[in-house]
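# Fold and geometry: a report
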Amino acid sequence: GAGTISLPTGGLTSCKSCAPGSYQPREGVMYEYCPVCPAGKAGTVSGAESNVSGCNVVCAPGTFTDGTKKSASCEPCAQGTYSDENATGKKSPSKI
């Protein structure tokens, strides 16, 4: 079903819930992966069926996610960088 991926196990197929920070809106898809939350969002829900329900954490200014890996929380920006108030996930050089 939605929110899961199908995995082969010894000739049988089993379903595995998508991990926090990812989601799967499609049902009945074999050997599929769970897309990760977009940049600027993280997720705390397992088995999410959409990026709306699964990516329920919006990164605050000074934190980010870059949309390339499953993230259950936003990471603080490194010293000398910042993220804008829209939490786009992009880290930019600090303005002085």
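That block above? That's the structure.
Only a predicted model underlies this, so the values are computations on that prediction, with no experimental measurement involved. (Residues numbered from 1 in each chain as written. Predicted model: local features only at pLDDT ≥ 70, side-chain atom pairs only at ≥ 80, totals over all residues. Heavy atoms only, no water.)

### Examining the overall build of the chain
Stated precisely, the cut-off is as follows: In DSSP terms, a helix is any run of H or I states spanning at least four residues, a strand is any run of E spanning at least two, and both are numbered starting from the N terminus. Whether a residue is buried, partly exposed or exposed follows from its accessible area with a 1.4 Å probe, protein chains only, as a fraction of its type maximum: under 20%, in between, or over 50%, in that order. Contacts: residue pairs with any heavy atoms within 4.5 Å of one another. Values of accessible area rely on a 1.4 Å probe in the Shrake-Rupley scheme; residue burial ignores everything except the protein chains shown.
Scanning the chain for helices and strands turns up 1 helix and 8 strands. Out of the 96 residues in the chain, the part that is buried amounts to 31%. Considering only residue pairs separated by 6 or more positions, the chain has 38% of its internal contacts joining residues 24 or more positions apart. Accessible area of the chain: about 5,800 Å², with a carbon and sulfur share of 54%.

### As for the state of the cysteines
Condition: To count as a disulfide, a pair of cysteine sulfur atoms needs to be within 2.5 Å.
Across all of its chains, the model carries 3 disulfides by this definition. One disulfide bridge connects Cys 59 with Cys 74, the sulfur atoms lying 2.2 Å from each other. Residues Cys 59 and Cys 74 are joined by a disulfide whose S-S torsion is about -90°; by sign, that bridge is left-handed. Of this pair, Cys 59 sits in the loop between strand 4 (57-58) and strand 5 (63-64) while Cys 74 sits in the loop between strand 5 and strand 6 (75-76), and the two are 15 residues apart along the sequence. Per residue, the accessibility class of Cys 59 equals that of Cys 74, and both read buried. Within the chain, bonded cysteines paired by disulfides and numbered along the sequence follow the pattern 1-2, 3-4, 5-6. Unpaired in this structure, Cys 77 has its nearest cysteine sulfur neighbour in Cys 59, at a distance of 8.8 Å. Cys 77 sits in the buried class, given a relative accessible area of 16%.

### With respect to the side chain of Thr 65
Counted only if it meets this: Polar contact criterion, stated in full: a pair of N or O atoms within 3.5 Å, where within protein one must be able to donate a hydrogen and the other to accept it, and residues adjacent in sequence count only if both atoms are side-chain atoms.
Inspection of the secondary structure assignment puts Thr 65 in the loop between strand 5 and strand 6. A distance of 3.0 Å separates a polar side-chain atom of Thr 65 from the backbone nitrogen of Gly 40. In terms of polar contacts, Thr 65 uses its side chain to reach the backbone carbonyl oxygen of Lys 41, at 2.9 Å.

### Considering the environment of Ser 71
Along the polypeptide, Ser 71 turns up in the loop between strand 5 and strand 6. Among all residues touching Ser 71, those that are not within four sequence positions of it are Pro 20, Gly 21, Ala 42, Gly 43 and Thr 65.

Geometric descriptors of this kind do not, in isolation, establish any biological role.
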